[in-house]
Amino acid sequence: MNDLDSLVGSAQADFAAAATPAELENAKARFLGKSGRVTDLLKGLAALSPEEKKARGAEINQTKQRVEALLTERRQALAEADLQAQLKAEALDVTLPGRQKGTGGLHPVSRSIERIEAIFGSMGFDVADGPEIEEDWFNFTALNTPADHPARSMHDTFYVDTKAPDGSGQLLRTHTSPMQVRYAVKHVKAHRAAIDAGQAMPEIRVIAPGRTYRVDSDATHSPMFHQCEGLWIGENVSFKDLKSVFSDFFRTFFETDDLAIRFRPSFFPFTEPSAEVDIAFSSGPLKGRWLEVAGSGQVHPNVVRNFGLDPERYIGFAFGMGPDRLTMLRYGVNDLRLFFDGDLRFLSQFH
Ligand code: DAH
């Protein structure tokens with residue numbers, strides 16, 4: 001083996017030993033770089049005679065080409081190995097089952113609220129929404145609940161430190177009844193001119209579902225719970241209308257005509273007379289049991305006045321029911337807290 005063959009041999013060995021492109025570039029420099037072995041050979045040509053130079057020069061050039069060919073071959077091999085490693089590292093096993101997205105669904109109470117809105121909507125009721133941090137005035141005072149009323153006690157109300165823009169106190173609303181006032185005041189304002197001119201005001205017919213808060217927690221009470229307020233004010237609205245609205249509503253909501261409704265005299269500061277609404281199913285597991293489902297009554301004249309209306313002319317009724325309770329009855333759930341624990345094992349049964 002002559003010196004040129006052995007140079008090619010050692011280039012091949014060095015290139016093969018280079019495990020990375022950077023190492024290969026270093027090996028290349030040792031042969032083809034400025035002071036590499038091939039370059040040194042070319043420099044050595046200067047000392048030779050013209051004939052020798054020609055023959056030796058041709059040999060060296062050939063050697064250089066062989067080294068370059070080996071270099072290219074090794075470069076490609078390294079690039080290929082790199083690609084294979086990358087493909088292996090990022091391999092997808094297309095036979096694995098896909099990751100499920102998990103289908104969400106509406107919360108059972110949200111389902112009930114949607115149902116309530118749809119049923120009352122079909123009876124001509126608007127749907128209103130209002131603040132959960134409420135002003136003292138809307139939550140209590142405007143609803144004929146004076147400052148010393150027990151409902152204001154620290155025991156059942158979450159007061160907050162912030163103040164309303166007018167400086168009055170704020171709290172987490174204890175019921176949705178303040179929406180009666182908010183909605184009616186707005187409605188009356190919009191029709192003020194007609195009312196003052198003695199023309200008929202379009203009736204107020206609204207429901208206001210939403211979250212409410214009280215310091216209370218057991219199997220049938222949660223510090224956060226839902227209510228749905230209802231208000232119907234006009235010139236000729238009576239308890240008879242209230243009863244027919246409730247009959248229609250509960251029969252549609254529970255999808256049964258086998259249901260009795262009764263009004264039981266009660267007390268609320270903002271209605272007079274007031275009544276609790278009970279229903280009883282005539283079949284099924286709750287057969288024959290009277291179940292309290294709402295509070296209601298004829299809106300108190302003081303409240304009608306706070307709406308900005310003359311109680312001698314405008315009359316109507318209000319009601320407040322509990323979508324949580326209705327959901328429990330509809331699905332046979334016996335602990336209210338299950339709705340708010342956020343346990344998917346429970347919630348996904350309603351999807
Ligand atoms: N706000 C009452 C409560 O939280 C429920 C209620 C009773 C609302 C009678 C009404 C009503 O509108 O007329 O217990």
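As the structure is a computational prediction, the values presented were derived from the model and not from experiment.

A look at the overall build of the protein
So, point 1. The helix and strand inventory of the protein stands at twelve helices and ten strands.
So, point 2. The C-alpha radius of gyration of the protein comes to 43 Å, more than 25% above the 20 Å expected for a compact globule of 351 residues.
So, point 3. Dimensions of the protein, computed from C-alpha atoms along their principal axes, come out at roughly 130 × 50 × 40 Å.
So, point 4. The buried share of the protein, reckoned over its 351 residues, is 40%.
So, point 5. A separation of at least 24 residues holds for 64% of the contacts in the protein among residues at least 6 apart in sequence.

Regarding unusual backbone geometry
So, point 1. The step from E272 to P273 runs through a cis peptide bond, and the omega angle for that step is -5°.
So, point 2. With respect to the helices, strands and loops of the structure, P273 is situated in strand β8 (residues 271-281).
So, point 3. Of note in this structure, N144 is not a glycine but carries a positive phi near 60°.
So, point 4. Of note, E255 is a non-glycine position whose phi angle comes to about 55°, a positive value.
So, point 5. Note on E255: relative accessible area 59%, which makes it exposed.

Considerations on the environment of L329
So, point 1. Inspection of the secondary structure puts L329 in helix α11 (residues 323-331).
So, point 2. Ignoring sequence-local partners within four residues, the contact set of L329 consists of F254, L286, L291 and V293.

Some details on the domain arrangement of the protein
So, point 1. In terms of domains, the protein is made up of domain 1 (3-89) and domain 2 (108-350).
So, point 2. For domain 1 and domain 2, the distance between their C-alpha centroids amounts to 90 Å.

Comments concerning the nonpolar core
So, point 1. Core analysis: the largest hydrophobic core is formed by 29 residues, its most contacted members being F120, F249, F250 and M321.
So, point 2. Counting only elements with at least two residues in this core, the list comes to α5 (108-122), β6 (224-234), α9 (239-253), β7 (259-268), β8, β9 (291-299), β10 (315-321) and α11.
So, point 3. With six residues, α9 is the single largest residue contributor to this core.
So, point 4. If near-sequence neighbours (up to four positions away) are discounted, M321 is found in contact with I116, F120, H226, Q227, C228, F249, F250, V293, A294 and L326.
So, point 5. Membership of the second largest hydrophobic core comes to 24 residues, among which are A208, I233, F307 and A318.

Focus on the side chain of S112
So, point 1. Residue placement: S112 occurs in helix α5.
So, point 2. Taking the relative accessible area as the measure of exposure, S112 reaches 0% and is therefore buried.
So, point 3. For S112, the contacting residues outside a window of four places in its chain are F253, P323 and T327.

Things to note about α5
So, point 1. For α5, with 15 residues, the first-to-last C-alpha span of 21 Å sits near the 21 Å given by 1.5 Å per residue.
So, point 2. Of the residues making up α5, those classed as buried are P108, V109, S112, I113, I116, I119 and F120. The buried residues of α5 occupy an angular sector of 145° when projected down its axis, which confines them to one face. Across α5 from its buried face, at more than 90 degrees, point the exposed residues A118 and S122.
So, point 3. Positive backbone phi, approximately 85°, marks G124, located one or two places after α5.

Comments concerning the site of the ligand
So, point 1. Close contacts around the ligand come from 15 residues, with H175, S177, R214, Q227 and E229 the closest.
So, point 2. At 2.9 Å from a nitrogen atom of the ligand is found a side-chain nitrogen or oxygen belonging to H175.
So, point 3. The separation between an oxygen atom of the ligand and a polar side-chain atom of R214 is 2.7 Å.
So, point 4. Contact with the protein chains covers 89% of the free accessible surface of the ligand, which is 350 Å².
So, point 5. Of all elements in the fold, only β6, β9 and β10 reach the threshold of two or more residues within the shell around the ligand.
So, point 6. Of the residues in the shell around the ligand, the class split is four nonpolar, nine polar and two charged.

Details of the pattern of salt bridges
So, point 1. All chains considered together, the criterion is met by 19 salt bridges.
So, point 2. Of the charged contacts in the structure, one is a salt bridge between E235 and R313, with a shortest N-O distance of 3.2 Å. Of this pair, E235 sits in the loop between β6 and α9 while R313 sits in the loop between α10 (301-306) and β10; the two residues are 78 residues apart in sequence, bridging distant segments of the chain.
So, point 3. You can call E235 partly exposed: its relative accessible area is 34%.
So, point 4. Among the residues examined, R313 registers a relative accessible area of 28% and is labelled partly exposed.
So, point 5. Between R262 and D278 there is a salt bridge whose closest N-O contact spans 2.8 Å. Here R262, found in strand β7, pairs with D278, found in strand β8; they are 16 residues apart in sequence, far enough to count as distant.

Some points on the sheet that holds strand β2 (residues 133-135)
So, point 1. With antiparallel pairing, three strands are arranged side by side in an open sheet as β2-β4-β3. Unpaired on one side and paired on the other, β2 and β3 (159-163) mark the two borders of the sheet. Taking each pair of neighbouring strands and ignoring which way they run, the sheet shows an average axis angle of 40°.
So, point 2. Bridging between β2 and strand β4 (residues 169-172) involves three bridges; their strand directions are antiparallel. Note that in β4 the partner of E135 across the bridge is Q170.

Criteria and thresholds
- Residues numbered from 1 in each chain as written.
- Predicted model: local features only at pLDDT ≥ 70, side-chain atom pairs only at ≥ 80, totals over all residues.
- Heavy atoms only, no water.
- Helix = DSSP H or I, 4+ residues; strand = E, 2+ residues; numbered from the N terminus.
- Rg over C-alpha atoms; globule rule 2.2 N^0.38 Å.
- Buried < 20%, exposed > 50% of the residue type's maximum accessible area, 1.4 Å probe, protein only.
- Contact = heavy atoms within 4.5 Å.
- Domains from an automatic or database assignment.
- Core = buried A, V, L, I, M, F, W, Y, C linked by side-chain atoms within 4.5 Å.
- Expected span 1.5 Å × (residues − 1).
- Arc of directions from axis to C-beta.
- Near = heavy atom within 4 Å.
- Polar contact = N/O pair within 3.5 Å; in protein donor to acceptor, adjacent residues only side chain to side chain.
- Areas by Shrake-Rupley, 256 points an atom, 1.4 Å probe, with all protein chains shown as cover.
- Nonpolar A, V, L, I, M, F, W, Y, C, P; charged D, E, K, R; others polar.
- Salt bridge = Lys/Arg side-chain N within 4 Å of Asp/Glu carboxyl O.
- Pairing = 2+ DSSP bridges.
- Axes fitted to C-alpha atoms, helices over the stretch in contact; angles between N-to-C directions.

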